[in-house]
Amino acid sequence: MIVLPAILLCPILMRANDATAANGGNIAGMVKTSDGLRAAGVAILIKETAKIIVTNESGEFLLKSLPAGTYHLEVAMKAYDKTETAVTVADDETVKVVIDLSYTSQKLEEVVIASGGNRFAKKESEDVSKLPLRNMENPQVYTVVSKELMKEQVVTDYNSAFKNVPGAGIAEIRNQGRTTNISRGFATPQLVRNGVGSFTYTTVDPANLERIEVIKGPSATLFGSTLSSFGGLFNRVTKKPFDNFKGEVSFSAGSWDLNRLTFDVNTPLDDDI
C-alpha cells in the first residue's frame, strides 16, 4: 500500500473542486404568447454573452453551463412587445422561467409606393359609368388608352391604339372607311363618342382624342344594346376646351415616308366664353 503525502493530494483535490465549479448552472425556459400559445422559432438574446438561442417547436429553450450570476434574456417577436427578463443562476442548479409576450400597441406604418406601376393609368372615368364614381364603387370592367400613352408610342392612326387593349387588337376596315374591332371574339362597331351614341362611321384622328375607353362584356349594355355587342363597347372621348390659352405643336417623322404635323391650340373666345 502506497501512502501519498498530504501535500501531494492538495493539488488533486483543488483540480476536482475547480472541475465541479466549472459545471455552472442551467436555464430551462418557455416562451408563450398572451393567448397562452407556445411560441416556436423565437430568438432569445442573452445580453451578457451576446449569444442567441431559438425556441424549439414547443416554445422551449435550454441554456447550459452558465457561470453563476444574473443574465438578461431579451425576446423579440413580430406583432409583440419586446420583453426582457432577468434570471439569476447559481452553480449546479437549473432555473425554470416562463416568458410571456404581449401584443404590441404600436400600429404598422403606412407604406406608400412612389415608383413603379403604369404611369399612364387612369384611376377613374365618369364616361364609363355615366356617374362620378371611384373604381372601388364602379362595377364596370374597362381599359383606358390615354393620350399620353398614344403620344409615347407615336400612334398616328386610330387602329394602332388598340394594341394596348387585351382581347381587342384586331381591326376590320369596312365600307365607308369605318373601323370595327373584334372584342372578345365579337365584332364591335365604333358608334360612341363622349358617351353618346351615333351612327357616324368616320374614324377619329388620335390627335383629337383625350382617351379611348374600352368597356368589356355585358356591362356595356349601360349604353344601350344597339350600340354595344357581346364583346363590349368602345367609347371615344375627345379633347375638351378649357379656360386659358395653351398650344402644342408636334411633328413626327419616320420610315415609310412618315411625315405628320399636328397643331393643338386652345383659346377662349372672350372673357366669358
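Cut-offs applied
- Residues numbered from 1 in each chain as written.
- Predicted model: local features only at pLDDT ≥ 70, side-chain atom pairs only at ≥ 80, totals over all residues.
- Heavy atoms only, no water.
- Helix = DSSP H or I, 4+ residues; strand = E, 2+ residues; numbered from the N terminus.
- Buried < 20%, exposed > 50% of the residue type's maximum accessible area, 1.4 Å probe, protein only.
- Contact = heavy atoms within 4.5 Å.
- Areas by Shrake-Rupley, 256 points an atom, 1.4 Å probe, with all protein chains shown as cover.
- Phe/Tyr/Trp six-rings, centres within 6.5 Å; stacked < 30°, edge-to-face > 60°.
- Pairing = 2+ DSSP bridges.
- Patch = residues over 30% accessible without salt bridge, like charges linked within 9 Å, V, L, I, M, F, W, Y side chains within 5 Å.
- Salt bridge = Lys/Arg side-chain N within 4 Å of Asp/Glu carboxyl O.
- Core = buried A, V, L, I, M, F, W, Y, C linked by side-chain atoms within 4.5 Å.
- 1 Å grid on protein atoms, 1.4 Å probe; cavity = no way out; pocket = protein on both sides within 12 Å on 5 of 7 lines; lining within 4 Å.
- Points joined across faces, edges and corners; volume = space filled by probe spheres on them.

Caption draft 1: Highlighting the overall build of the protein. Per the secondary structure count, the protein includes 3 helices and 17 strands. Buried residues in the protein amount to 32% of all 273 residues. Within the protein, counting contacts between residues at least 6 apart in sequence, those at least 24 apart form 53% of the total. Carbon and sulfur atoms form 55% of the exposed surface of the protein, whose accessible area is close to 18100 Å².

Caption draft 2: Seen up close, the packing of aromatic side chains. Applying the stated criterion across every chain, the model contains 3 aromatic pairs. Aromatic side chains Phe162 and Phe234 sit 5.0 Å apart centroid to centroid with 70 degrees between the ring planes, which places their arrangement in the edge-to-face category. Here Phe234 lies in strand β15 (residues 232–238) and Phe162 lies in the loop between α3 (147–152) and β9 (170–173), a separation of 72 residues in the sequence. Since its relative accessible area comes to 0%, Phe234 is described here as buried. One aromatic cluster is present, built from ring pairs that chain together Tyr158, Phe162 and Phe234.

Caption draft 3: Expanded view of the sheet that holds β15. Spatially, the 5 strands line up as an open sheet ordered β8-β14-β15-β12-β13, and their pairing is mixed. Each edge of the sheet is formed by a strand with only one pairing partner; in this case those strands are β8 (142–146) and β13 (196–197). In this sheet, β15 lies alongside strand β12 (residues 192–193) in parallel orientation, the contact comprising 2 bridges. If you follow Val192 over to β15, its bridge partner there is Asn235.

Caption draft 4: Up close: a nonpolar patch on the surface. The grouping of Phe245, Val249, Phe251, Leu261, Phe263 and Val265 at the surface amounts to a nonpolar patch, some 710 Å² of accessible area in total. For the nonpolar patch, the secondary structure elements donating two or more residues are β16 (246–254) and β17 (258–266). With 3 residues, the top contributor of residues to the nonpolar patch is β17. By the element assignment, Val249 lies in strand β16. Look at Val249 and you get exposed, because its relative accessible area is 57%.

Caption draft 5: Up close: the side chain of Thr33. By secondary structure assignment, the location of Thr33 is in the loop between β1 (25–32) and β2 (43–46). Non-local contacts of Thr33, meaning those with residues more than four positions away in its chain, are made with Ala39, Tyr80 and Leu101.

Caption draft 6: Here's a closer look at the pattern of salt bridges. Taken as a whole and assessed by the stated rule, the structure comprises 8 salt bridges. For Glu60, the salt bridge identified is with Arg38, shortest N-O distance 3.3 Å. One end of the pair, Glu60, is in strand β4 (residues 60–66); the other, Arg38, is in the loop between β1 and β2, and 22 residues separate them in sequence. Between Glu213 and Arg211 there is a salt bridge, and its shortest N-O distance comes to 2.7 Å. On the basis of relative accessibility, which here comes to 0%, the residue Glu213 falls in the buried class.

Caption draft 7: View of the nonpolar core. With 19 residues, the main nonpolar core has Ile27, Val31, Phe61, Leu63 and Leu73 as its most contacted residues. Only β1, β2, β4, β5 (69–75), β6 (83–89) and β7 (94–100) provide two or more residues apiece to this core. In contact with Phe61, not counting residues within four places along its chain, are Ile27, Ala28, Gly29, Met30, Val31, Ile44, Ile53, Thr55, Leu73, Val97 and Ile99. Judged by nonpolar contacts, the second largest core, of 14 residues, contains Met150, Val155, Ala168 and Val204.

Caption draft 8: Summary view of the layout of surface pockets. The space that makes up the largest pocket amounts to roughly 750 Å³. Around the largest pocket, the lining is made up of 28 residues, and of these Lys151, Ala207, Lys239, Glu248 and Asp264 lie nearest the centre. Of all the elements in the fold, those that place two or more residues in the lining of the largest pocket are α3, β14 (209–216), β16 and β17. When residues of the lining of the largest pocket are assigned to their parent elements, the largest contribution, 7 residues, is made by β16.

Caption draft 9: Focus on the environment of Pro166. Inspection of the secondary structure assignment puts Pro166 in the loop between α3 and β9. In this structure, the C-alpha to C-alpha distance between Pro166 and Arg184, residues 18 residues apart in sequence, is 8.8 Å. If we ignore the near neighbours within four places in the chain, the residues touching Pro166 are Thr143 and Lys216.

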